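The chain contents come next:
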Amino acid sequence: MPAGAIAWADVTASPVYLDAATAAPLHPVARQALLAALDDGWADPDRLYSQSRRARQLLDAAREATADTLGVRPDELSFTASGTTAAHAAVLGGLRGRRRAGRVLVHSAIEHSAVLYAAEQHVADGGTAVEVPVDRLGRLDLDAWSTAVSGAQVASAALIAASHEVGTVQPVEAAAAACARIGVPLYVDAAQVVGRLPVPPGWSVLTASARKWGGPPGVGLLVVRKGTRWESPWPTDERESGRTPGTLNLPAVVAAAASLRAVATDAAAQATRLAALVDRIRARVAAEVPDVEVVGDPEHRLPHLVTFSCLYVDGEALLHALDRRGFAVSSGSSCTSSTLRPSHVLEAMGVLSHGNVRVSLHAGNTEADVERFLTELPGIVADLREQAGVVGL
Amino acid sequence: MSAPDGQPDVVLDCLGQRCPLPVIALARRLPELPVGAVVRVLADDPAAAVDIPAWCRMRQQEFLGNAPGPGYDVRRTH
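Small disclaimer: the values here were computed from a predicted structure and weren't measured.

Moving on, we get to the interface of chain A and chain B. Contacts between chain A and chain B engage 23 residues on the former and 17 residues on the latter. Taken together, the two surfaces of chain A and chain B that pack against each other cover about 1700 Å², and 60% of this comes from carbon and sulfur. Broken down residue by residue, the surface that chain A buries against chain B is led by A:Tyr312, A:His354 and A:Leu393, which jointly contribute 29%. The interface formed by chain A and chain B contains two salt bridges. Between B:Arg57 and A:Glu293 there is a salt bridge, with its nearest N and O atoms 2.7 Å apart. At the level of elements, β9 (292-295) and α9 (344-349) of chain A are the ones that each hand at least two residues to the side of chain A that touches chain B. Across the side of chain A that touches chain B, the residue classes tally to twelve nonpolar, five polar and six charged.

Let us now look at the side chain of B:Arg40. Residue and element names in this part refer to chain B. If you trace the backbone, arginine 40 turns up in strand β2 (residues 38-42). On the basis of relative accessibility, which here comes to 11%, the residue arginine 40 falls in the buried class. At 2.8 Å, the side chain of arginine 40 and the side chain of aspartate 73 are in polar contact.

Turning next to the packing of aromatic side chains. All names here are of chain A. In this structure the tally under the stated criterion is one aromatic pair over all chains. Arranged with centres 5.4 Å apart and planes meeting at 80°, the rings of phenylalanine 327 and phenylalanine 373 form a pair that is edge-to-face. With a gap of 46 residues between them, phenylalanine 327 in strand β11 (residues 327-328) and phenylalanine 373 in helix α10 (residues 367-388) connect regions that are remote in the sequence. Here the two residues phenylalanine 327 and phenylalanine 373 agree in accessibility, since each one is buried.

Attention now goes to α10(A). Residues and elements named next belong to chain A. Between its terminal C-alpha atoms α10 stretches 32 Å, which fits the 32 Å expected from 22 residues at 1.5 Å a residue. Along α10, the helix axis deviates most sharply at glutamate 376, where the bend reaches about 30°; the proline proline 378 sits within four residues downstream. Of all the residues in α10, the buried ones are Asp369, Val370, Arg372, Phe373, Leu374, Glu376, Leu377, Ile380, Val381, Leu384 and Arg385. Looking at the packing, one finds that the buried side of α10 touches β1 (16-17), α7 (250-288), β10 (305-310), α8 (315-324), β11 and β12 (356-360). Directly after α10, the chain includes glycine 389, whose backbone phi takes a positive value near 70°.

All names here are of chain A. Parsing chain A into structural domains produces domain 1 (3-18 + 266-387) and domain 2 (28-265). Here the C-alpha centroids of domain 1 and domain 2 sit 28 Å apart. Residue-level contacts link 27 residues of domain 1 with 28 residues of domain 2. Along the contact surface separating domain 1 from domain 2 lie one salt bridge. Ionic pairing is found between arginine 139 and aspartate 297, a salt bridge with its closest N-O pair at 3.8 Å. In this structure, the connection of domain 1 to domain 2 is made through 16 residue pairs in polar contact (both at pLDDT 80 or more).

Before going further, it helps to examine helix α2 (residues 48-58) of chain B. Of all eleven residues in α2(B), eight are buried; the element is thus mostly enclosed. Along α2(B), the positions that sit buried rather than exposed are B:Ala48, B:Val50, B:Asp51, B:Ile52, B:Ala54, B:Trp55, B:Cys56 and B:Met58. Tucked into the core, α2(B) has its buried residues touching β9 and α9 of chain A together with α1 (21-29), β2, β3 (62-67) and β4 (71-75) of chain B. Backbone geometry just downstream of α2(B) places B:Gln60 in the positive-phi region, at approximately 50°.

Residue and element names in this part refer to chain A. Of all five residues that make up strand β8 (residues 220-224), five are buried, and the element is covered over most of its length. Residues Gly220, Leu222 and Val224 point to one face of β8 and Leu221 and Val223 to the other, with burial holding for every one of them. In this sheet, β8 lies alongside strand β7 (residues 205-209) in antiparallel orientation, the contact comprising five bridges. If you follow valine 205 over to β8, its bridge partner there is valine 224.

So, on to the sheet that holds strand β1 (residues 10-13) of chain B. Residues and elements named next belong to chain B. If you walk across this open sheet you meet the four strands as β1-β2-β4-β3, and the pairing is mixed. Among the strands making up the open sheet, the edge pair consists of β1 and β3. Averaged over all pairs of adjacent strands, the angle between strand axes in this sheet comes to 20°, irrespective of strand direction. Of the pairings in the sheet, the one linking β3 to β4 comprises five bridges and is antiparallel in character. If you follow asparagine 66 over to β4, its bridge partner there is tyrosine 72. Most of the contacts of α1 go to β1, to which it runs at about 150°, and overall it touches β1, β2 and β4. Across the sheet, α2 touches β2, β3 and β4, and the angle it forms with β4 is around 5°.

About the criteria used
Residues numbered from 1 in each chain as written. Chains lettered and ligands numbered in written order. Predicted model: local features only at pLDDT ≥ 70, side-chain atom pairs only at ≥ 80, totals over all residues. Heavy atoms only, no water. Contact = heavy atoms within 4.5 Å. Buried area = accessible area lost by both parts, 1.4 Å probe. Salt bridge = Lys/Arg side-chain N within 4 Å of Asp/Glu carboxyl O. Helix = DSSP H or I, 4+ residues; strand = E, 2+ residues; numbered from the N terminus. Nonpolar A, V, L, I, M, F, W, Y, C, P; charged D, E, K, R; others polar. Buried < 20%, exposed > 50% of the residue type's maximum accessible area, 1.4 Å probe, protein only. Polar contact = N/O pair within 3.5 Å; in protein donor to acceptor, adjacent residues only side chain to side chain. Phe/Tyr/Trp six-rings, centres within 6.5 Å; stacked < 30°, edge-to-face > 60°. Expected span 1.5 Å × (residues − 1). Bend = angle between axes of the 7 residues up to and from the residue. Domains from an automatic or database assignment. Pairing = 2+ DSSP bridges. Axes fitted to C-alpha atoms, helices over the stretch in contact; angles between N-to-C directions.

So this is what it looks like as structure tokens:
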């Protein structure tokens, strides 16, 4: 072979990023807005000089645009330092604001860990948390939910809009109606929904995370509806209507707002396109990988996310094998978590937790990406099973 | 609930093993036993509590329930 010639067989195919549910790649609009705001929005928006007024204008515009996309009032929306911070504030602030009503928090078994850790802190401080189960498809048990929120001393309730791990969309409207009947405010974690699907009505507090829609990391949204009893759980700070302390990363906030506006205009078309690709993954994985359990509701689900578990396969080994072939995915298997516990979501559903893979698509993923994944996956799983000596079990 | 008389026919000690190893051990051993036999899998990996019942469902074997150990009792049904 002449010097400098490329042996095409040696060229690794370009990486395929399939973990948008953790963080979508930065949207081009976010990048553009971020760079512009680094020059224009570095000053503190709360001071009385001209640089500050420019920063204030940018922050106000970002808040108005984001509120408009969400269909809420600008003064109901605060930016936070992350989606996790927003979730902590939503849970703890909701409980604090309603402490005269009682100290019971009702939540589904499949909330994000940020919500569960906030609930854990509430319990450590002497409060109570009541967990409501889901079925095998990851759907909230609505009867159990209605009973739980109607119990004595319930201060607030938390329900994820759609499972970040298995994609099952939750019956938020019905759950909200059960809460409304007895005046319990509902917090909805909409991290996987904002920028992809319409936000269901009926909530009192809502949170989201910019990196899930292609905004930069380090920006969360906390929306507290007018009239909701909510009190900041943090030490007093006058910023963001007193709801979240500390100086905002304004360039990142501006980028988050600009990219949300951009993805919202295209959300319905992307949802249709990605849902068809996810349907293909669900069908082909079930048909072409032996002993696999595709989990989550096949119909009432997020457009971009699918989860499956491969019997007898080590989840960590599977993630590494996929990474070597250029595929970035995440897993709910215990061996892939720092705590070595299986995903509480898979556990609550009673589905296989080892050999677990979550694929989540973003606007940049093509049909060719999905085809390459589907073509390579059966061989990767078969190799791992052969290495482990579990073929034919 | 465990085996009817409380005593399994076979005990598989998978303590200290990470999933999927306890499930693999169960899948290897159960077919060697007669239909109706009960295996107790001792496993302290928290994932076993999820994965052993899930395996029984996928393979149409009977999950009898948790046992001390922590353990999981499974009856061969076919």
